[in-house]
Amino acid sequence: MAERLRDNRKTEEIRAKVRETELQVANFIYPLFIEEGDNIKKEIVSMPGIYRYSLDRINEELDEVVALGIKSIILFGIPLNKDADGSESWNDEGIIQKAIRHIKSNYPSLLVIADVCFCEYTDHGHCGVLCDHDVDNDLTLVNLRKQVLAQAKAGVDMVAPSGMMDFAVKEIRDELDKNGFEKILIMGYSVKYCSSYYGPFRDAADSAPSFGDRRTYQMDPANRNEAIKEAQADVDEGADILMVKPALSYLDIIRDLKNNFDLPIAAYNVSGEYSMVKAAGNNGWIDEQKVMMETLLSIKRAGADIIITYFAKEAAKILNKNEQ
Ligand code: PBG
Ligand code: ZN
């Protein structure tokens, strides 16, 4: 006999008892843009509420993050000097290495994750070493080892290779273990699509490719079976966490990974997804806070255990208030 399904929706008490998904502040990872220089706090025009900070002002942001109970951050660096190989990314005095040391000594409770890629560091804006106008996979792997080792020596807790190079996780795991950094985790950007939703991030991180696009390394948005292969490769190579990116147009992929793999699944609620909600909110076209919470909930319901999101602070404020 068919149930009266509305019975379980009658009051908030009942709804709370039968609720299947709940967001927690502990699910969030908050991205931070750190620019080389002094006295910088510059709002990113296409991402209202998100700033680039120089290291001397980053505590303003970190104090707030810690006070809100956010425990994990992922770092993106904007160096002063770029070159063809992105060599600043493995300089021990480079911006991210300095940032890691600063944060780990001043905020020891924070889990510090470093994005591992070259597009912010190369003068051409591609995610690795160029050869015949394309990124050469294996030459890039050599430099990936250097970048990760520099971050490891600085004290990073987790590294997250985002360049979609084949065998990146394997090479990184090997380099870390060989140097006594067995405890550093790897979160693979396992399934990263070639997405137009990254537009605002490229303003934020100054990382747009100067020619062409990233279609020879990032995945075709049309492909679903390939996502399983990419994730399986990261599992085989030793990843600790698998990621799907972007999140919203790829909720099916998040669910596929959740159903097929035992590792924790992360989803990156990317810059364009953030900007669209902000733009509509600022115009008064949607209830921004409610759409934000519904969006984050949908990502978790799809199967993400971890959500990387520019909304982390705002969502934490709401969740903390609900707890009281
Ligand atoms: C760098 C990188 C990108 C993002 C995270 N790491 C951009 C890109 O691949 O062009 C996108 C994040 C976002 O849009 O919020 N490889
Ligand atoms: Zn990149």
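Preceding this paragraph is the structure being described.
Residues numbered from 1 in each chain as written. Chains lettered and ligands numbered in written order. Predicted model: local features only at pLDDT ≥ 70, side-chain atom pairs only at ≥ 80, totals over all residues. Heavy atoms only, no water.

A word on the layout of surface pockets
Definition in use: A cavity here means a set of 1 Å grid points, computed over protein atoms only, where a 1.4 Å probe fits but cannot escape. A pocket is an open set with protein on both sides within 12 Å along at least 5 of 7 lines, and lining residues have an atom within 4 Å of a point. Grid points are joined across faces, edges and corners, and a volume is the space filled by probe spheres set on the points. All residues other than Ala, Val, Leu, Ile, Met, Phe, Trp, Tyr, Cys, Pro, Asp, Glu, Lys and Arg, Gly among them, are scored as polar; the first ten of these are nonpolar and the last four charged. What counts as a helix is a DSSP run of H or I of at least four residues, what counts as a strand is a run of E of at least two, and both are numbered from the N terminus.
When its volume is computed, the largest pocket comes out at roughly 540 Å³. Taken together, 16 residues make up the lining of the largest pocket; nearest its centre are Glu 22, Leu 23, Met 293, Leu 319 and Asn 322. Class assignment of the residues belonging to the lining of the largest pocket gives a composition of six nonpolar, five polar and five charged. Of the pockets and cavities examined, the second largest pocket occupies roughly 340 Å³. Looking at the second largest pocket, the residues that line it are Leu 5, Asn 8, Arg 9, Arg 15, Val 18, Arg 19, Glu 20, Thr 21, Leu 297 and Arg 301. Only α1 (12-18) and α10 (288-302) provide two or more residues apiece to the lining of the second largest pocket.

Notes on the environment of Val 291
Filter applied, for reference: Here's how the labels work: a residue is buried when its accessible area is under 20% of the maximum for its type, exposed when over 50%, partly exposed in between, all with a 1.4 Å probe on protein chains only. Contacts were defined at the residue level, with two residues in contact if any of their heavy atoms lie within 4.5 Å.
Counting through the fold element by element, Val 291 comes out in helix α10. Residue classification places Val 291 among the partly exposed positions, given a relative accessible area of 26%. On a C-alpha basis, the gap between Val 291 and Tyr 310 in space is 14 Å, while along the polypeptide they are 19 residues apart. When sequence neighbours within four positions are dropped, the list of residues in contact with Val 291 reads Val 277 and Ile 286.

Structural notes on the pairing of strand β10 (residues 241-245)
The condition that has to hold: DSSP calls a pair of strands paired once it identifies at least 2 bridges connecting them.
Summarising burial for β10: five of the five residues are buried, a large majority. Here β10 shows no split at all, with Ile 241, Met 243 and Lys 245 on one side and Leu 242 and Val 244 on the other all buried. Bridge analysis of strand β9 (residues 185-192) against β10 gives four bridges, and the strand direction is parallel. Of the residues in β10, the one forming a bridge with Gly 188 is Leu 242. As judged from the three bridges shared by β10 and strand β11 (residues 265-269), these two strands associate in the parallel manner. Residue pairing for β11: Met 243 is matched across the bridge by Ala 266.

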